[in-house]
Amino acid sequence: EQATGKLIWRLAIPRYFAGVKPPYHFDQWDCGVCSGPAVAGNRVYVVGSRGEILCLDREGQANGNDGPFLEELAYMGITNTPDAKLEPTDGDILWKYNLITELDVILHDVCGSTLLLDGDLLYACTSNGIDDRHDKTPKPDAPSLVVLDKNSGRLVAKDDAQIGRRLFHCNWSSPVAGRVNGRTLIFFGGGDGILYAFEPPSPSPSQEVQILKQIWACDCNPPDFRMRDGQPIPCSTPSKSTPDGPSEVIGTPVFHAGRVYVAIGQSPIYGVGRGCLSCVDAATGKKVWSSELVERTLATAAIADGLLYLPDYTGNLHCFDAGTGQRYWVHPLGAKTWCASAFVADGKVYAGTEANTLWVLKAGKELQVLSRSRLKSMPITPTAADGVLFLPVQNRLLAVP
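So, a few notes on the structure that sits alongside this text. All chains use their own residue numbering, which begins from 1 and follows the written sequence. Reporting in this predicted model follows two pLDDT cut-offs: at least 70 for local features of residues, and 80 or more for side-chain atom pairs to be given and counted; totals over whole chains, interfaces and linings ignore these cut-offs and use all residues. Heavy atoms from the whole structure form the basis of all side-chain values; hydrogens and water molecules are not counted.

The next point concerns the sheet that holds strand β2 (residues 38-40). Pairing between strands is defined by DSSP: at least two bridges between the two strands are required. Here a strand is any run of E in DSSP of at least two residues, a helix any run of H or I of at least four, and the numbering for each starts at the N terminus. Here 4 strands make up an open sheet; going across it, the order is β2-β3-β4-β5 and the pairing antiparallel. Each edge of the open sheet carries a strand with a single partner, namely β2 and β5 (93-98). Pairs of neighbouring strands in the sheet enclose a mean axial angle of 15°, with direction left out of account. Pairing between strand β4 (residues 52-57) and β5: 5 bridges, direction antiparallel. Its bridge partner being in β5, Leu56 is matched across the sheet by Ile93. Lines are fitted to the C-alpha atoms to define the axes, a helix being fitted only along its stretch in contact, and any angle between axes, read from their N-to-C directions, falls within 0 to 180 degrees.

Here it is as structure tokens:
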């Protein structure tokens, strides 16, 4: 409940993938659900921690157990209690789509993306990745982006961009939509460091799965990130961390005023290194400007009043002119930043670090620090509604007026 924080319902998702055999390397970090919810009417859509896309009743079990899925007790691992029953405070799954069994993808670490709702279509990153040895991609031709019918969970379309053949680590970025010259395009940052634009599937009475039409592709890695003296530069790995080499897209692309903004980065265990922030023309896929002042980052850019704010993994918060790429200021946050993106509200910029600190700066071209707070655990990207700042940390949700 927004006003009081009272629990309305919750859905327990026990781990069942722990200790899985190679080539899987998944669900070993105790990360839980790494997806933001997408809400449409009385339904909530989220990517679960077990590699499933879930469609949930917004009211939970308070209005009954709606189908077609009716096995919530078994799903929550409650199988040895004969008299167990669902309570109004339990979640209600309407349907689920298993990415592993339906698409034959190899999930890596986590399902780390948020779903995109556009009309009756639901766009999802598959989190297809490399194997447990961090050596190769077992399923290089598996889709990286799929489209489901939001009402039934039926697979409508999938990409054929063969991102898996160029994959560095995994696909974790989230798709976004934008209207460009009168038509909708879907923008997706690949695990190969390339930003893609796809055309939505066409309405069709047929149940045949469509192939998404690729409109353009833009490499977000500068050429000297990929090649040196005519030889490919290896990507950083957990066993051989290096600041050089290409990186993937992990943060979510941002569509704003006919342009797409996206930065490249690596998993935190791959270390710090060279990064790049790109501004891309949404119609053509051509770069408008780019900046290598930003190092590797997992963050999504925040744009307000013509200014772009982005933290990098090294622990620097940057402010750029969104139109020209000019950097107005950079502020060291005192610790690495991989757990949160910047957030702008009420003329303030919020940024969190892995040292459990939350910084608040004045939004604008001049650098001005307003406060620095120490929390009990790492702050995640906040949001705001009705004059209240909602700040998730690792074990609770805080509401700050």
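That shown, we press on.
Attention shifts here to the sheet that holds strand β30 (residues 383-385). In any sheet, the strands associate via hydrogen bonds between backbone groups, in a parallel or an antiparallel arrangement. Read from one edge to the other, the open sheet built from 3 strands follows the order β30-β31-β32, with strand pairing classed as antiparallel. Whereas interior strands pair on both sides, the edge strands pair on one side only; in this sheet they are β30 and β32 (397-400). Direction aside, neighbouring strands of the sheet carry axes that sit 25° apart on average.

Turning next to the pattern of salt bridges. Salt bridge criterion: a side-chain nitrogen from Lys or Arg within 4 Å of a carboxyl oxygen from Asp or Glu. Tallied over the entire structure, the rule returns 12 salt bridges. Between Lys139 and Asp104 there is a salt bridge, and its shortest N-O distance comes to 3.0 Å. Residue Lys139 is located in the loop between β8 (121-125) and β9 (145-149), and its partner Asp104 is located in the loop between α2 (99-103) and β6 (108-109); the two are separated by 35 residues in the primary sequence. Remark: exposure states derive from per-residue accessible area (1.4 Å probe, protein chains only) relative to the maximum for the residue type, with buried under 20%, exposed over 50%, and partly exposed in between. When its relative accessible area of 29% is taken as the criterion, Lys139 is described as partly exposed. The residue Asp219 makes a salt bridge to Arg226 at a minimum N-O spacing of 2.7 Å. A relative accessible area of 30% places Asp219 in the partly exposed class. Bridged by salt links that share partners, the residues Asp224, Arg274 and Glu292 form one connected network.

Here the focus is the nonpolar core. Core analysis: the biggest nonpolar cluster contains 24 residues, and Ile53, Trp95 and Tyr97 have the highest contact counts within it. Every element with two or more residues in this core is listed here: β3 (43-47), β4, β5, α2, β8 and β9. The term nonpolar core refers to a set of buried residues drawn from Ala, Val, Leu, Ile, Met, Phe, Trp, Tyr and Cys, joined through side-chain atoms within 4.5 Å. The next biggest cluster of nonpolar side chains, apart from the first, holds 19 residues, and it includes Tyr123, Cys125, Phe188 and Ile194.

Quick look at the packing of aromatic side chains now. In this scheme Phe, Tyr and Trp rings, the latter by its six-membered ring, pair at centre separations within 6.5 Å, and the angle between planes marks the pair as stacked below 30 degrees, edge-to-face above 60, and tilted otherwise. Counting across every chain of the model gives 9 aromatic pairs. Judged by centre distance (5.9 Å) and plane angle (35°), the ring pair of Phe187 and Trp216 falls under tilted. A residue pair is termed long-range when its members are at least 10 positions apart, and Phe187 in strand β12 (residues 183-189) and Trp216 in strand β15 (residues 213-219) qualify at 29 residues. Take Phe187 and Trp216: they sit in the same class, and that class is buried.

The term disulfide is used for any two cysteine sulfur atoms that are within 2.5 Å. Throughout the structure, instances matching the rule amount to 0 disulfides. Between Cys31, a free cysteine, and Cys34, which holds the nearest cysteine sulfur, the sulfur-to-sulfur gap is 4.7 Å. As a non-bridged cysteine, Cys235 has Cys170 as the owner of its nearest cysteine sulfur, 12 Å distant.

With that out of the way, let us pick up the side chain of Arg50. As for its placement among the helices and strands, Arg50 is situated in the loop between β3 and β4. It turns out Arg50 is buried and unbridged, and the closest side chain with the opposite charge, Glu52, is 4.0 Å from it. Pairs of N or O atoms within 3.5 Å make up the polar contacts considered here, provided that, within protein, one atom can donate a hydrogen while the other can accept it, and that residues adjacent in sequence are counted only when both atoms are side-chain atoms. A polar contact is formed between the side chain of Arg50 and the backbone oxygen of Pro14, at a distance of 3.1 Å. Residues scored as charged are limited to Lys and Arg (positive) and Asp and Glu (negative), so that His and the chain ends carry no count.

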